[in-house]
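Close look at the chain arrangement
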Amino acid sequence: MSNSAAPSYNFAYLDEQTKRMIRRALLKAVAIPGYQVPFASREMPMPYGWGTGGIQVTAAVIGPDDCLKVIDQGSDDTTNAVSIRKFFAKVGDIETTEETERATVIQTRHRIPETELTEDQILVYQVPIPEPLRFLEPKETETRKMHALEEYGLMHVKLYEDISQHGEIATTYAYPVKVDGRYVMDPSPTPKFDNPKMNNMAALQLFGAGREKRIYAIPPYTEVVSLDFDDHPFSIQKWDEPCALCGTRDSFLDEVILDDQGGRMFVCSDSHHCAKRQAEGHRGALSADPALETEEVAP
Amino acid sequence: MNYSTSPSALGFDNPVFDATATFRTVLEAMSRPATIQSIRHVPDAPSGIGPATAAVLLALADMDTPVWLAPEVASDTLRTYLHFHAGCPVTDAPEAAVFALLGRESDLGVIDKLAIGSAEYPDRSATVIIDCESLSSDPGQNFTGPGIKDTASFDIPGFPPAIWYLVDRNQALFPLGLDWIFTAGSQLAALPRTSKRGS
Amino acid sequence: MYVAVKGGEKAIDNAHKYLAEERRGATDVAELSLSQISEQLSHAVSRVMAEGSLYDKDLAALAIKQARGDLIEAIFLIRAYRTTLPRFGYSAPLDTSEMDLDRRISATFKDLPGGQVLGPTFDYTHRLLDFALAAEGLEPQKAEAAEAPLDEEVPRVLELLNAEGLIEQSAPADYDDTAPVGDLTREPLEFPADRDLRLQNLARGDEGFILALGYSTQRGYARNHAFVGEVRLGDVTVEVIPEELGFAIEIGDITITECETVNQFQGSKTAPAQFTRGYGLAFGHSERKVISMALVDRALRCHELGEDQVAPVQDDEFVLSHSDNIQATGFVEHIKLPHYVDFQSELELVRRLRRNAEDNIREAAE
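Residues numbered from 1 in each chain as written. Chains lettered and ligands numbered in written order. Predicted model: local features only at pLDDT ≥ 70, side-chain atom pairs only at ≥ 80, totals over all residues. Heavy atoms only, no water.

1. Side note on the overall build of chain C
Put simply, the rule is: By the criteria applied, helices consist of DSSP H or I runs no shorter than four residues and strands consist of E runs no shorter than two, each listed in order from the N terminus. We compute the radius of gyration over the C-alpha atoms and compare it with the globule rule, which gives 2.2 Å times the number of residues raised to the power 0.38. Note on exposure labels: buried denotes an accessible area under 20% of the residue type's maximum, exposed denotes more than 50%, and partly exposed covers the range between, all computed with a 1.4 Å probe on protein chains only. Contacts are residue-level and defined by heavy atoms, with any inter-residue pair within 4.5 Å sufficient. Note that accessible areas follow from Shrake-Rupley with a 1.4 Å probe, and for residues the cover is restricted to the protein chains shown.
From N to C terminus, chain C includes 13 helices and 4 strands. Its C-alpha radius of gyration of 26 Å places chain C more than 25% over the 21 Å reference for a compact globule of 366 residues. In terms of principal-axis extent, the alpha carbons of chain C reach across some 90 × 65 × 55 Å. Here chain C, with 366 residues, has 40% of them falling under the buried criterion. Within chain C, counting contacts between residues at least 6 apart in sequence, those at least 24 apart form 65% of the total. About 22,400 Å² of surface is accessible on chain C, with carbon and sulfur atoms providing 55% of the total.

Rendered as structure tokens:
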């Protein structure tokens, strides 16, 4: 790790007063699971939409003893994940890692790691639109009232319209959940594949929306239920084939286009999970080193 | 009172890192209700309050957070300490308080006057800090709720049992309500408004 | 065999080097100096200071240079710098009637105390490309000084109407002059927002957005019949009152543009008819901005003035939530970031829905 932390910036970039403001918001967020706490989001040195909310939450939480992992689309090597990791290494001289197990703070955009998280970890989500009702009702004054009155009929109507039109609920990411039986919450644009991981997770989950100036949280061991209907129960995505690199059938797969003849393959979106499995000897159909036995073959 | 006099007690050794560590301890306490946590780097605290109480206030209070002090703890020493190290206003109006500090002898009647938030902004509620003699994780009061895997057991030895009545009544207000931090020495435990006391 | 793409860090480093090269352009052309920018691209500097919410011509010039002339990018650089600055306090309200004027025009009176002062304006230029400017080194002709100096006293036009009671007071009777002024950089906006926060938001808001909204009022979307009572441009003194001193001290002069509009009158059986006001103010020379801002300010006062809300420009939540170009450009542009995972989720769904539909069609045919 470099020691080139810019002396002109405070540890983790934010000034102490801003950190206290965010910390107070975080504590209230934990005390009211799934409720969006307004906070005076600061202008950060990266654009809104690049994770300014998650970055502010991480900056308010992280200390010199922490080890930070940053993922985007499940991968540590996505350009914006690289950029955010570099930012914290620069302004806080903070140790970073790609190993999910080693990280104490994990900042993510769009995925929850496949590896089960522990009580010693905090998962920080970057959130673009924190309000699950926003696309049904654009006015904040109205949606705030709906949350206050626990009036979520509009959301059920929307999901039911999906069923009548498509035969199933056509929401595949940012799939709304109900937290601790009270607040309907947007899990951020994670695929619904990840929703079950949020339920009763051992780790603390924190959500930061910088542009929309909201913070929310799910404490550990909290019930998180994906909204559904008795006759149309919630279900997650499935793939017909396993990961082409590590052979797993249990993780979220990205489609990679191989040529312009319709050739494609499916690989784990969680790059660390996939690499770890390969290091353990698991192999898929298109592994770099197929010398070891291929345990599962794509159909 | 003359605030320009220096406080008798020093604050955090390292204001940035110690405040971060203290916040993480409070976050852990609030995320895992009724578990007893230890503050690693406590500040030098003025007489009358414990080091964990001092740490929480220095880590979280500032010019934007009026603090209400129960008469038993509201010494000039403490006011000077908070003014100098946290810069927070000390308010006489409990309803304006973001943090309310009570001691082990304090009249609990003030609890009813603290802000519990509104239906649209339940976060605009006070956090109550009670400086206690000791905290115990021996079987005592049992709690369930978010952050608690099955049940958690916790007690405040020697504290008036009326506190549990107030905790219960506050819990029933959810999503409105106060959040509690109990301190003793360099330890603390928290009960967010979601924690439900069982039999 | 397939090898996953790696090397994001190296790509980013190289992209930044490439960007710096492109910014510099051909090295046989002299590099721009900051004083060239602040002296010769002064409207760009004004806009960056106004929407960046930071009055510093040199920093604005640096931001414009670094941003390669992309003014929204320059505003972003200034905002991100501004947020790291310590806050010493709040200034006393500016007294624009004491302005050292460069320009002052009124559309409501042909002549008035203080007179019409045209100043440095594009208004009556013929927009013909001046090819003489392409030949560098020509000195512009000097403007002739007026025969008489400007009047000492140049009262604000709307105060002349106010003296007759023809226009509403600039502040309502119950206005508390000592109450703290809101600051949306310190507290998240809540709706409905009070006028102080609305004006702060509009002052920082994107010139193009405010212009379009102001224009929409003129075309009938919440028309409010505005006259420009006055536009003034010049320097005002900024004063602060340090708590320990208890009296005002001057900390410097800034150039600002101010516009007050005289709008559609209101009246009822109990209250005689009266004109209403719209207000705009911005750092630097920014006439288009302040006139647009005054139109939008007036439109946003619809509830206070008992008017029906019929158009987007009157909806404070719509206007204030979308005026900030740093927020807007960030969120609009962020959709170029990877969305593989969400797209994969949609692909999986569309394929399955199509498969189900095909199955249904086949079953129906059988």
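2. Overview of the sheet that holds strand β3 (residues 249–266) of chain C
All names here are of chain C. What counts here: Strands are treated as partners if at least two bridges between them are detected by DSSP. Comment: axis = line fitted to C-alpha atoms, over the contacting stretch for helices; angle = value between 0 and 180 degrees taken between N-to-C directions.
Read across the open sheet, the 4 strands follow the order β1-β2-β3-β4; overall the sheet is antiparallel. Sheet topology places β1 (100–105) and β4 (274–283) at the edges, where each strand pairs with a single neighbour. The sheet shows a mean angle of 25 degrees between the axes of neighbouring strands, taken without regard to direction. Where β1 and strand β2 (residues 227–240) come together, 5 bridges link them in antiparallel fashion. Bridge assignment links R104 to a residue of β2, and that residue is R232.

3. A short note on helix α13 (residues 340–365) of chain C
Residue pairs spaced three or four apart in an α-helix point in one direction, given the helix's 3.6 residues per turn. The test is simple: To estimate the expected span of a helix, count its residues, drop one, and scale the result by 1.5 Å.
Between its first and last C-alpha atoms α13(C) spans 37 Å; for 26 residues at 1.5 Å apiece the expected length is 38 Å, and the two agree. Considered for burial, the residues of α13(C) that qualify are V341(C), D342(C), Q344(C), S345(C), E348(C), L349(C), R352(C) and L353(C). Looking at the buried side of α13(C), the elements it contacts are α5 (153–166), β11 (253–257) and β12 (264–268) of chain A.

4. Observations regarding the packing of helix α2 (residues 52–61) of chain A against helix α3 (residues 79–92) of chain A
To describe two helices that pack against each other, one gives the angle between their axes and the distance between the axes. Residues and elements named next belong to chain A. So the rule is basically this: In this scheme, roughly parallel covers angles under 35 degrees and roughly antiparallel covers those over 145, while 65 to 115 is roughly perpendicular and the rest are oblique. Crossing handedness is read from the near helix: turned anticlockwise from the far helix by less than a right angle, it gives a left-handed crossing, and turned clockwise, a right-handed one.
One can describe the packing of α2 onto α3 by two numbers: an axis separation of 12 Å at closest approach and a directional angle of 30 degrees. As judged from the angle between their axes, α2 and α3 are roughly parallel. Between α2 and α3 the crossing geometry is right-handed. Contact residues: I55, T58 and A59 in α2; I84, F87 and F88 in α3.

5. Observations regarding a negative patch on the surface
Residue and element names in this part refer to chain C. Note the threshold: What goes into a patch is any residue over 30% in relative accessible area without a salt bridge, connected to like charges within 9 Å or, for nonpolar side chains (Val, Leu, Ile, Met, Phe, Trp, Tyr), within 5 Å. Every case where a carboxyl oxygen of Asp or Glu lies within 4 Å of a side-chain nitrogen of Lys or Arg is listed as a salt bridge. The charged-residue count follows a simple rule in which Lys and Arg add positive charge and Asp and Glu add negative charge, with His and chain termini not counted at all. Just so you know, the charge point we use is NZ for Lys, CZ for Arg, CG for Asp and CD for Glu.
There is a patch of like negative charges on the surface, built from D95, E98, D151, E152 and E153. Inspection of the secondary structure puts D95 in the loop between α5 (71–82) and β1. On the basis of relative accessible area, D95 is assigned to the partly exposed category, the value being 39%.

6. Looking at the sheet that holds strand β7 (residues 183–185) of chain A
Residues and elements named next belong to chain A. Spatially, β7-β6-β10 is the arrangement adopted by the 3 strands of the open sheet, whose pairing is antiparallel. The strands lining the two open edges of the sheet, one partner per strand, are β7 and β10 (224–226). For this sheet, the mean inter-axis angle between neighbouring strands, taken without regard to orientation, is 30 degrees.

7. So, the nonpolar core
For clarity, the threshold we go by: Working definition of a nonpolar core: buried Ala, Val, Leu, Ile, Met, Phe, Trp, Tyr and Cys residues. They are joined through side-chain atoms within 4.5 Å.
Residues L102(B), W180(B) and F182(B) are the most contacted members of the largest nonpolar core, which totals 118 residues. Discounting chain neighbours no more than four positions away, the residues touching L102(B) are W68(B), A70(B), D107(B), L108(B), V110(B), I111(B), V128(B), I129(B), I130(B) and D131(B).

8. A look at the side chain of D254(A)
Checked against the element boundaries, D254(A) lands in strand β11. Buried charge without a partner: D254(A) forms no salt bridge, and the closest opposite charge is R111(A), 6.6 Å away. Excluding anything up to four places from it in sequence, D254(A) contacts Q73(A), M265(A), F266(A), V267(A), S269(A), Y340(C), V341(C) and Q344(C).

9. Overview of unusual backbone geometry
Look at the link from F174(B) to P175(B): it is a cis peptide, with omega at 10 degrees. Within the fold, P175(B) resides in the loop between α4 (162–171) and β8 (179–184). Cis rather than trans, the peptide bond between F191(C) and P192(C) has omega equal to -5 degrees. If you trace the backbone, P192(C) turns up in the loop between α7 (157–163) and α8 (195–204). A positive phi angle, near 60 degrees, is found at Q73(A), a position not held by glycine. Relative to the helices and strands, Q73(A) resides in the loop between β2 (67–72) and α3. Classification of Q73(A) as buried rests on a relative accessible area of 1%. Positive phi outside glycine occurs at A222(C), with the angle close to 70 degrees. Considering the arrangement of structural elements, one finds A222(C) in the loop between α9 (207–218) and β2. Classification of A222(C) by relative accessible area gives buried; the value is 10%.

10. Description of the interface of chain A and chain C
The condition that has to hold: Simply put, the buried area is the total loss of 1.4 Å probe accessible area from both parts when two parts are fitted together.
With 62 residues of chain A in contact, the opposing surface of chain C contributes 46 residues. Across the chain A to chain C interface the summed buried area is about 4,500 Å²; carbon plus sulfur atoms make up 56%. Applying the counting rule to chain A against chain C returns 6 salt bridges. Across the pair D315(C) and K139(A) runs a salt bridge whose closest N-O atoms are separated by 2.8 Å.

11. A closer look at the layout of surface pockets
Selection criterion: Cavities and pockets are defined on a 1 Å grid built over the protein atoms alone: a cavity is a set of grid points where a 1.4 Å probe fits but cannot escape, while a pocket is an open set with protein on both sides within 12 Å along at least five of seven lines, and lining residues are those with an atom within 4 Å of any such point. Grid points are joined across faces, edges and corners, and a volume is the space filled by probe spheres set on the points. Side-chain classes are defined by residue name, with Ala, Val, Leu, Ile, Met, Phe, Trp, Tyr, Cys and Pro counting as nonpolar, Asp, Glu, Lys and Arg as charged, and the others, Gly among them, as polar.
In this structure, the second largest pocket encloses a volume near 1,800 Å³. As for the second largest pocket, its lining consists of 40 residues, and the residues nearest its centre are P45(A), M46(A), H16(C), E73(C) and L77(C). For the lining of the second largest pocket, the elements supplying multiple residues, two or more each, are α3 of chain A together with α1 (8–24), α4 (57–66), α5 and α12 (325–333) of chain C. A class-by-class count of the residues in the lining of the second largest pocket yields 24 nonpolar, 8 polar and 8 charged.

12. Structural notes on empty space enclosed by the protein
The probe, sized like a water molecule, is rolled over the atoms to show the empty space still left. Residues and elements named next belong to chain A. Throughout the structure, instances matching the rule amount to 2 cavities of 30 Å³ or more. Computed from the structure, the largest cavity encloses a volume of approximately 150 Å³. Across the lining of the largest cavity, the residue classes break down as 6 nonpolar, 9 polar and 2 charged. Space inside the second largest cavity adds up to approximately 120 Å³. Lining the second largest cavity we find 14 residues, and of these Y35, Q36, E131, R144 and H147 sit closest to its centre. Per element, the largest residue contribution to the lining of the second largest cavity is 5 residues, and it comes from helix α4 (residues 140–149). Grouping the constituent residues of the lining of the second largest cavity by class yields 5 nonpolar, 4 polar and 5 charged.

13. Observations regarding the packing of aromatic side chains
This is how it is decided: Between 30 and 60 degrees the pair is tilted, below 30 it is stacked and above 60 it is edge-to-face, where a pair is any two Phe, Tyr or Trp rings, Trp via its six-membered ring, whose centres lie within 6.5 Å.
Under the criterion given, the structure shown has 17 aromatic pairs over all chains. Pairing F193(A) with F252(A) gives two aromatic rings, centres 5.6 Å apart and planes at 70 degrees, and the pair type is edge-to-face. In this pair, F193(A) sits in the loop between β7 and α6 (195–198) while F252(A) sits in the loop between β10 and β11, placing the two residues 59 residues apart along the sequence. On the basis of relative accessibility, which here comes to 8%, the residue F193(A) falls in the buried class. For the pair F154(B) and F182(B), a centre-to-centre distance of 5.8 Å together with 45 degrees between the ring planes defines the contact as tilted.

14. Some remarks on the domain arrangement of chain C
By convention, interface size is frequently given as the accessible area that disappears when the constituent parts associate. Applied cut-off: All domain edges in this entry derive from an automatic or database-based domain assignment.
Looking at chain C, the domain boundaries give domain 1 (8–82), domain 2 (97–121 + 148–323) and domain 3 (339–365). Using only C-alpha atoms to locate each centre, domain 1 of chain C and domain 3 of chain C end up separated by 48 Å.

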